[in-house]
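Geometric and topological summary
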Amino acid sequence: MNRPAIIGIVPLYDKQRKSLWMVPGYMEGIVQAGGLPVIFPLTHDREKLEQLLDRVDGVLFTGGQDVDPARYGQQMQDSCGEICRKRDEMEWELLRLCRVRRKPAYGICRGIQLFNAALGGTLYQHIPDELPSGVEHHMAPPYDRAVHPVTVDEDSMLYRIVGKSSLRVNSYHHQGVHDLSPVLTACAWAPDGLVEAVEDRRQPFFLATQWHPEFSWEKDASSRRIFQAFVDACCKTSGKSLGCSTVCDIL
């Protein structure tokens, strides 16, 4: 019997405590979809990252601190939040290696911002200042509830996964995609026009969402389908069968 797809997860980093940690929902969302999650160490050493990628079938890029504006050619504004250069260095290299190896990659919150910035786009450093609207992008807990709708492109992989042109999502962020990377295709938008999901249709599976399925998967079928599609894509590209469903056949 083949083993389940192994999914590497980028760790969250607490600067004050100098510690790595993890929101359980990232791991639980993968487990319920039949995958086996492992948390990576915080390193940007290329050799170590290559060795890690040898052992996993895909990578989940998690939320966390803001991307350093210097990474996308801007000066840091006072409204920009805490940055973590260690994560920026790690994820820039890890993302590059994923793309070279065509490993499935899924980004959440910071993940969509990282994908866009690393691939030539820019970010809003503080949405309330740069794109003021009535859309609730920075919700209060509990985070497993929906606070605004998103429109999904019907010609996208995301649409084939969720099967809907409109979703209601949770939202907890103050930054977002400004100038879209020339490599990426926007595939979902908030009512104020903010890009809520991106994909690279030339990769086997390369998707990022601004919202947080790790908080909503227990209640929301679309969140579960996103995790399932990611795990299935990892199974498909690695030739594994255990833990995979038919979702991968439509990607």
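Going by the structure above, here's the rest.
Report on the accompanying structure. Remember, it's a predicted structure, so these values are computed and weren't measured experimentally.

What follows concerns the overall build of the protein chain. Of regular secondary structure, the protein chain possesses eight helices and 13 strands. Compactness check: the protein chain gives a C-alpha radius of gyration of 17 Å against a globular reference of 18 Å for 251 residues, within 12% of the reference. When each of the 251 residues of the protein chain is scored for burial, the buried share is 54%. Surface accessibility of the protein chain: about 10700 Å² in total, with carbon and sulfur atoms responsible for 50%.

An order of E4-E1-E5-E6-E13-E12-E11-E8-E9 is seen for the nine strands of this open sheet, with the pairing classed as mixed. The sheet is open, and its two borders are formed by strand E4 (36–39) and strand E9 (166–169), each paired with just one other strand. Averaged over neighbouring strand pairs, the angle between their axes works out to 25° when direction is ignored. Where strand E6 (residues 105–108) lies against strand E13 (residues 206–209), four bridges are found, and the strand directions are parallel. Counterpart to Ala-105 in the pairing with E13 is Phe-206.

Turning next to the nonpolar core. Formed by 36 residues in total, the largest nonpolar core has its most connected members in Leu-60, Leu-158, Phe-205, Leu-207 and Trp-211. Listing elements by their share of this core, those giving two or more residues are strand E1 (6–9), helix H1 (24–32), E6, strand E8 (148–152), helix H6 (157–162), E9, strand E11 (185–189) and helix H8 (221–238). If one sorts the elements of this core by residue count, H8 sits on top with eight residues. Aside from chain neighbours lying at most four places away, what touches Leu-158 is Val-152, Cys-187, Ala-188, Ala-197, Glu-199, Leu-207, Trp-211 and Ile-226. Core analysis: the second largest hydrophobic core is formed by 30 residues, Phe-61, Cys-98, Leu-119 and Ala-186 among them.

This brings us to the pattern of salt bridges. According to the stated counting rule, one finds 14 salt bridges in the structure shown. Here Arg-46 ties to Glu-93 by a salt bridge, and the two come within 2.9 Å at their closest N and O atoms. Of this pair, Arg-46 sits in helix H2 (residues 46–55) while Glu-93 sits in helix H3 (residues 85–101); the two residues are 47 residues apart in sequence, bridging distant segments of the chain. Taking relative accessible area as the criterion, Glu-93 reaches 12% and is therefore assigned buried. A salt bridge links Glu-93 to Arg-96; the nearest nitrogen and oxygen atoms lie 2.7 Å apart. Here Glu-93 pairs with Arg-96, and both are found in helix H3, just three residues apart, close to one helical turn. Three or more residues are tied together by salt bridges with common partners; here these are Arg-87, Asp-88, Glu-91 and Arg-110.

A cis geometry characterises the amide bond from Pro-141 onward to Pro-142, with omega recorded as 5°. Among the secondary structure elements, Pro-142 is positioned in the loop between helix H5 (127–130) and E8. The residue Cys-109 is not glycine, and still its phi comes out positive at about 55°. Residue placement: Cys-109 occurs in the loop between E6 and helix H4 (110–118).

About the criteria used
- Residues numbered from 1 in each chain as written.
- Predicted model: local features only at pLDDT ≥ 70, side-chain atom pairs only at ≥ 80, totals over all residues.
- Heavy atoms only, no water.
- Helix = DSSP H or I, 4+ residues; strand = E, 2+ residues; numbered from the N terminus.
- Rg over C-alpha atoms; globule rule 2.2 N^0.38 Å.
- Buried < 20%, exposed > 50% of the residue type's maximum accessible area, 1.4 Å probe, protein only.
- Areas by Shrake-Rupley, 256 points an atom, 1.4 Å probe, with all protein chains shown as cover.
- Pairing = 2+ DSSP bridges.
- Axes fitted to C-alpha atoms, helices over the stretch in contact; angles between N-to-C directions.
- Core = buried A, V, L, I, M, F, W, Y, C linked by side-chain atoms within 4.5 Å.
- Contact = heavy atoms within 4.5 Å.
- Salt bridge = Lys/Arg side-chain N within 4 Å of Asp/Glu carboxyl O.

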